[in-house]
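Inside the fold
One letter stands for each residue in the lines below.
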Amino acid sequence: MPAVTVQQNVAIEWAGFILWMPLISLVLCGLCAACKVRSKLPALITVVSLATSFVLTAMLWQGYEAPVTIHLFDWIQVHWVDGSFISNFALYIDSLTLLWMLFVTGLGTLIALYASEYMEHDVGKGYTRFFAGVSVFLFAMGCLVMGDNLLMLYLGWEGVGFASYWLIGYFYKKPSAVAAAKKAFIVNRIGDLGLALAIYLIWSTFGTVQYTEIFAVLEDHSFATTYDTWTVHAIPYLLMLAAFGKSAQLPLYVWLPDAMEGPTPVSALIHAATMVTAGVYLIARTYPLFALDAAALPTVAWVGGLTAFFAATIGMAQYDIKRIMAYSTVSQLGYMFLGLGVLTSYGAAYHVFTHAFFKAVLFLTCGAIMHGFAGQLDLRKISGLRKMKGWKIVSYTMLVGCLCLAGFPLTSGYFSKDAILAQAFVTQGPGFVALGWLAIFTAGLTAYYTFRVWFRVCCGEEYFEAGDELHGQDSSSFHPHAPRLAINFVLIVIAVGAILAAAPYFMANETEGIHGGWVADMMHDSPAISGVPGAVGVHSTDGHEIHGSILGMDPHKAMYYISAIVGMIGIGFAVYFHLLRRSAADTLRNRLLASRSTRWLPTAMENKWYVDEIYIATIRTPLWIIGKAFVLVDRYLVDGLVVNGTASLPRVVAKWFSPLHNGAIQCYAVSMIGGAILVAALMFFMPEIVTYLQSLGETGSAGLEQTASIVGGLP
Amino acid sequence: MMTEFGSSALAGYLIISGILFVIGMIGFFVRRNLIVMFLCTELMFQGAAIAFVAIGRYLFDYSGQVMVIFILTVAAAEAALALALVVLLHRQRNTLDAEVYTELAE
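Here we summarise the structure given alongside this text. All of these numbers come straight from a predicted model, not from anything done at the bench.

The rules behind these values
Residues numbered from 1 in each chain as written. Chains lettered and ligands numbered in written order. Predicted model: local features only at pLDDT ≥ 70, side-chain atom pairs only at ≥ 80, totals over all residues. Heavy atoms only, no water. Helix = DSSP H or I, 4+ residues; strand = E, 2+ residues; numbered from the N terminus. Rg over C-alpha atoms; globule rule 2.2 N^0.38 Å. Buried < 20%, exposed > 50% of the residue type's maximum accessible area, 1.4 Å probe, protein only. Contact = heavy atoms within 4.5 Å. Areas by Shrake-Rupley, 256 points an atom, 1.4 Å probe, with all protein chains shown as cover. Lys, Arg positive; Asp, Glu negative; His and termini not counted. Charge placed at Lys NZ, Arg CZ, Asp CG, Glu CD. Patch = residues over 30% accessible without salt bridge, like charges linked within 9 Å, V, L, I, M, F, W, Y side chains within 5 Å. Salt bridge = Lys/Arg side-chain N within 4 Å of Asp/Glu carboxyl O. Core = buried A, V, L, I, M, F, W, Y, C linked by side-chain atoms within 4.5 Å. Polar contact = N/O pair within 3.5 Å; in protein donor to acceptor, adjacent residues only side chain to side chain. Phe/Tyr/Trp six-rings, centres within 6.5 Å; stacked < 30°, edge-to-face > 60°. Pairing = 2+ DSSP bridges. Expected span 1.5 Å × (residues − 1). Axes fitted to C-alpha atoms, helices over the stretch in contact; angles between N-to-C directions. Parallel < 35°, antiparallel > 145°, perpendicular 65-115°, else oblique. Left-handed = near helix turned anticlockwise from the far one by under 90°. Nonpolar A, V, L, I, M, F, W, Y, C, P; charged D, E, K, R; others polar. Buried area = accessible area lost by both parts, 1.4 Å probe.

This paragraph deals with the overall build of chain B. Check the secondary structure of chain B and you find three helices and zero strands. Along chain B, helices and strands appear, N-terminal first, in the series α-α-α. Over its C-alpha atoms chain B spans a radius of gyration of 18 Å, topping by over 25% the 13 Å that the globule rule assigns to 106 residues. Reported as C-alpha extents along the three principal axes, the dimensions of chain B are approximately 55 × 25 × 25 Å. Sorting the 106 residues of chain B into buried and exposed places 27% on the buried side. Of all intrachain contacts in chain B linking residues separated by at least 6 positions in sequence, the fraction that spans at least 24 positions is 61%. Only carbon and sulfur atoms are counted for the fraction: they give 72% of the accessible area of chain B, which is about 7,100 Å². Taken together, the 5 basic and 8 acidic charged side chains of chain B have centroids lying 8 Å from each other.

Residue and element names in this part refer to chain A. Side chains of Leu682, Phe684, Phe685, Met686, Ile689, Tyr692, Leu693 and Leu696 sit close together on the surface and give an oily, nonpolar patch of about 850 Å² of accessible area. Contributing elements (two or more residues each) for the nonpolar patch: α25 (665-685) and α26 (687-713). Here the element with the most residues in the nonpolar patch is α26; it accounts for four residues. Relative to the assigned elements, Ile689 resides in helix α26.

Now for the pattern of salt bridges. Residue and element names in this part refer to chain A. Using the criterion set out here, one finds 13 salt bridges over all chains in the structure. The salt bridge partner of Glu120 is Lys40, with a shortest N-O separation of 3.4 Å. With Glu120 in the loop between α3 (95-118) and α4 (127-146) and Lys40 in the loop between α1 (16-34) and α2 (41-62), the pair connects residues that are 80 residues apart, well separated along the chain. Linked by salt bridges that have partners in common, Lys183, Asp258, Arg323 and Asp612 make up one network.

So, on to the nonpolar core. Residue and element names in this part refer to chain A. In terms of nonpolar packing, the biggest core is built from 197 residues, with Trp100, Ile369, Leu385 and Ile494 touching the most fellow members. The element contributing the most residues to this core is helix α15 (residues 345-372), with 18 residues. Discounting residues that sit within four places of it in the chain, Ile369 has contacts with Ile321, Gln376, Ile382, Leu385, Trp391, Val394, Met398 and Val457. In this structure, Ala301, Leu421, Phe432 and Ile440 belong to the second largest nonpolar core, which totals 19 residues.

This part is about the environment of Val78 of chain A. Examined against the element boundaries, Val78 of chain A turns out to sit in strand β2 (residues 68-80). Excluding anything up to four places from it in sequence, Val78 of chain A contacts Ser84 and Phe85 of chain A.

Turning to the environment of Ser416 of chain A, a few remarks are in order. Residues and elements named next belong to chain A. Relative to the assigned elements, Ser416 resides in helix α17 (residues 412-426). On the accessibility criterion, Ser416 (0% relative accessible area) is buried. Each C-alpha atom, one on Ser416 and one on Ser345, is 11 Å from the other, the two residues being 71 residues apart in sequence. Setting aside its immediate chain neighbours within four residues, Ser416 contacts Gly347, Tyr350, His351 and Thr354. Among the polar contacts made by the side chain of Ser416, one reaches the side chain of His351 at a distance of 2.9 Å.

With that settled, consider the environment of Val300 of chain A. All names here are of chain A. Within the fold, Val300 resides in helix α13 (residues 296-316). Owing to a relative accessible area of 0%, Val300 belongs among the buried residues under this scheme. Sequence separation of Val300 and Lys40 is 260 residues, and the distance between their C-alpha atoms is 44 Å.

Once that is clear, we can look at the packing of aromatic side chains. All names here are of chain A. Enumeration over the complete set of coordinates arrives at 38 aromatic pairs over all chains. Seen in terms of ring centroids, Tyr211 and Phe215 are 6.5 Å apart; in terms of plane orientation they differ by 10 degrees. Their pairing is stacked. Highlighted residues: Tyr211 and Phe215, both in helix α7 (residues 211-219), separated by four residues, approximately one helical turn. Exposure class is identical for Tyr211 and Phe215. Each is buried. Ring geometry for Tyr505 against Phe506: centres 5.5 Å apart, planes inclined by 90 degrees, an arrangement best described as edge-to-face. Residue classification places Phe506 among the exposed positions, given a relative accessible area of 57%.

Moving on, we come to the pairing of strand β3 (residues 83-93) of chain A. Residues and elements named next belong to chain A. In terms of burial, β3 is largely enclosed, as eight of its eleven residues are buried. Note that β2 and β3 share ten bridges and pair antiparallel. Considered in β3, the bridge of Gln77 is made with Ile86. Here β2 hands over to β3 after two residues, the two strands then running antiparallel side by side.

Compared with an ideal rise of 1.5 Å per residue, which puts 19 residues at 27 Å, α1 of chain A spans 27 Å between its outermost C-alpha atoms and is within 8% of the ideal. Regarding α1 of chain A, the residues found buried are Gly16, Ile18, Leu19, Met21, Pro22, Ser25, Cys29 and Cys32 of chain A.

This part takes up the side chain of His351 of chain A. With respect to the helices and strands, the residue His351 of chain A is situated in helix α15. Beyond its immediate stretch of four places on either side in the chain, His351 of chain A contacts Gln332, Tyr335, Met336, Phe358, Ser416, Lys417 and Ile420 of chain A.

All names here are of chain A. One way to put it is that helix α16 (residues 392-406) packs onto α17 with a least axis distance of 6 Å and a crossing angle of 20 degrees. In terms of their interaxial angle, α16 and α17 are classed as roughly parallel. Like other packed secondary-structure pairs, α16 and α17 cross with a definite hand, here right-handed. Of the residues in α17, those touching α16 at Cys404, Leu405 and Ala406 are Ser412, Gly413, Tyr414 and Lys417. Grouping the amino acids of the contact of α16 with α17 by side-chain chemistry returns four nonpolar, two polar and one charged.

This part covers α2 of chain A. All names here are of chain A. With 22 residues, α2 extends 32 Å between its outermost C-alpha atoms, agreeing within 8% with the 32 Å of an ideal straight helix rising 1.5 Å per residue. Among the residues making up α2, those that are buried are Pro42, Ala43, Ile45, Thr46, Val47, Ser49, Leu50, Ser53, Leu56, Thr57 and Leu60. Buried residues along α2 sit against α1, β3, α3 and α4.

Glancing now at the interface of chain A and chain B. Taken together, the eleven residues of chain A in the interface contact twelve residues of chain B. Together chain A and chain B conceal approximately 880 Å² of surface at their shared face, both sides included; 71% is due to carbon and sulfur atoms. Our count for the contact surface shared by chain A and chain B stands at zero salt bridges. The tally of links between chain A and chain B comes to three residue pairs in polar contact (both at pLDDT 80 or more). Here the side of chain A that touches chain B is built from residues that sort into six nonpolar, five polar and no charged.

Looking now at unusual backbone geometry. Cis geometry marks the peptide bond from Leu250 of chain A to Pro251 of chain A; its omega dihedral reads -5 degrees. Looking at where Pro251 of chain A falls in the secondary structure, it is placed in the loop between α9 (230-246) and α10 (255-258). For Leu343 of chain A, which is not glycine, the phi dihedral falls at a positive 70 degrees. Its identity is not glycine, yet Asn94 of chain B carries a phi of approximately 65 degrees, on the positive side. Looking at the element boundaries, Asn94 of chain B is found in the segment after α3 (63-93). Given the relative accessible area of 61%, Asn94 of chain B is considered exposed.

Here it is, written out as structure tokens:
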């Protein structure tokens, strides 16, 4: 395995500006808000800063030779007698980081440009807030991806979660948006807990949170035998929990479909292209740690594969096109985890890369439709978009996105998905072959639901119904307004990017013994490939290692044909049901609903398998009941009895004695003298009291002397 | 020339001191005029002072006399304050009856 050499490089400290640019943009947006700017200035600021970030990232990539650490400033440094906790604000730049940052900043810039037109009806109202949120997101994502230690990753992790909450709840006057924002935040907290615990365990095991030092410890082969405790085995599962929360996998995926309440550029940028891939990044970054437990990566593979299938079945039966895209995102993220689990971090990363482009296109076209048709997203209520004036670019860029997502031969999605599917047959693991067939079947479902959207919305007769966000227009006189320059430009650029994302697959490899083009090269330098004890031998990058077979053929070759055929079958079903004979789809649905034995299938799929309802019944309601019980305990036991009860005691006692204070000075004098006489009489008639008091005084002074002697004895 | 100062002599002084103290105390209890009550406290002071001097002489200890100096000093300072208060009170209500001034009641 190639040793990860790390050097402190002062010459490229300007790389810090990849992080600082979004921060500067945030501050300037804040100033715009303070000065009540009523123009598109915030968008200009954000687009320019993000573009600068992208250019800097590209420059960094051009000059990249070997992993480097760029120290920006000392952040947390605590030392004690036999240990220390060091977490610097430093960037760790290796090829994995660069791969991620290239598409994060690149797509961030383009989507901010798109949003400058998309959000224009909010200029002067929420426009500044929106772009400030985007800037926060890019800064946090930069911390997450570029940090050189787990604490910085955690900072970014929480930061993107916060930015996501901020932007999902952008329409804060809409109750459903507020609920979705809270849901996203709370579900993510579960994953974040896993990450926090994992970082703690990693620190207590390895004594550091810096990647390079952790991996240095892991490469020492005695590690596995020395540290064989349950805490070490828990680390990969806690990291997994974090990744499944952020990347919307079973059982924590429920927040992502609801997150579509946010503005569409946000859905495209955060909830499709970049933030949700943070979980994939986390696992790729800490890949060697997943060798700590033998069952860890198979678990990742199974969760990913099942999520891919499960989400695809829900996506098939939805009518809201943005929600279909959301479920397809969950499903594609499942593929990425499957890839990680079956030891093709290259396939996972390549799928992240291509998915970022084609899913961004799909979301942005959905956004354009929603923008133009007053919030209409129901695929039954728009048809024939292709023939409408001014909608050609939207229709055909959407087609590009759909082809990639469906895995149509020779598109980018085809190659990246194949890399994962084939590897499931190559790598030996518990049930990986079954998982591979499930994933192939899911690819067919994906092709079907993707083209269901395209054929319904873009083909057929021209027909539309306006949505309910009319901004004061009358629905009968409504005319859809086609997208203008900024949206069309961005759509074309990203669609071209989605097509070109296939090109890296054919690039010649710089490193010997590696297949899969540029992305594989980019993965090769990073810990996602090197430093996996025991897992190196079965990796596809070493061409001569174990090869499974599929139907007696080499899996990588066979998969070209199998997935092409499966994809075409899926598209074929879509052609029949949604292009040629649209009534057939309804007939089929009605026939299924009419029969008692099959009624459950369409009902459950349309209702998302009732997962939300199950969560409400098993988690939310019990928590709500417990919460109410605690409120009662707090109100009546703590507040009523303990706090107010204690407070009322002195008042009651004071009631008894208050008559003594009558203000007459002679009464006071009498009580004083009376008291003095009483004390004197007591001492006279009961001399033992005096003796007792004397003895008290003696022991007291004896104690004092003892203390004095101890004090005096100290140097 | 130091004369003999036995316990019988001490008893006489202490009786005088006690009588002064009790007269002051009774006066304080029964009179209503603030100035008279104040004079009664002075009387109690002097009773205590005589006891101090007498016991100091009996024990051959000068601390008794030192204490009397303190008592006189405090009494003088307190007299100044108390008379000032009495003047102020008299201005407010035009009377010096102790029963009128009961604002400090609970």
